[in-house]
Amino acid sequence: MSVFSRGERVRIVDSKKEYDRVYRIKDMKKTKDGGVLYLLRSLEEDPVLRLYYEDKESLLERIC
């Protein structure tokens, strides 16, 4: 499925924009076309939930 697991901290990587928001993976599902859909929760005082679709063109980066 994915190299990530629930509970890991990640950051969205995009060559066009720089993202500084860190997220924790709350849930994930594999899609029919082979991608992965993540439910991400930001690690801020007022957390934000975000659906993120990862395929060959978009990437998540693990935060240690």
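Residues numbered from 1 in each chain as written. Predicted model: local features only at pLDDT ≥ 70, side-chain atom pairs only at ≥ 80, totals over all residues. Heavy atoms only, no water.

Counted according to the given criterion, the structure contains four salt bridges. One salt bridge connects arginine 6 with aspartate 27, and the closest N-O pair in it is separated by 2.8 Å. On the criterion of sequence distance, the pair formed by arginine 6 in the segment before strand 1 (9-13) and aspartate 27 in strand 2 (residues 23-30) is long-range, its members being 21 residues apart. When the shortest N-O distance is used, the salt bridge between arginine 21 and glutamate 44 registers 3.0 Å. Taken together, the residues arginine 21 in the loop between strand 1 and strand 2 and glutamate 44 in the loop between strand 3 (36-42) and strand 4 (49-54) connect sequence positions 23 residues apart. Classification of arginine 21 by relative accessible area gives partly exposed; the value is 33%. (Salt bridge = Lys/Arg side-chain N within 4 Å of Asp/Glu carboxyl O. Helix = DSSP H or I, 4+ residues; strand = E, 2+ residues; numbered from the N terminus. Buried < 20%, exposed > 50% of the residue type's maximum accessible area, 1.4 Å probe, protein only.)

Below, the discussion takes up the pairing of strand 2. Two faces belong to every sheet, and in a regular strand the side chains alternate between them. One ladder, built from two bridges, connects strand 1 with strand 2; its direction is antiparallel. Along strand 2, the bridge assignment pairs arginine 9 with arginine 24. Of the strand pairs in this sheet, strand 2 and strand 3 are connected by seven bridges, and their pairing is antiparallel. By the bridge assignment, tyrosine 23 is partnered in strand 3 with serine 42. Once strand 2 ends, the chain turns through five residues before running back antiparallel as strand 3, passing glycine 34 with a positive phi of about 100 degrees. (Pairing = 2+ DSSP bridges.)

It is worth spelling out the nonpolar core at this point. If you look at the biggest cluster of nonpolar residues, it comprises eleven residues: Phe4, Val10, Ile12, Tyr23, Ile25, Met28, Val36, Tyr38, Leu40, Tyr52 and Leu60. Those elements that place two or more of their residues in this core are strand 1, strand 2 and strand 3. Contact partners of isoleucine 12, with chain neighbours within four places excluded, come to Tyr19, Tyr23, Leu40, Arg50, Tyr52, Leu59 and Leu60. (Core = buried A, V, L, I, M, F, W, Y, C linked by side-chain atoms within 4.5 Å. Contact = heavy atoms within 4.5 Å.)

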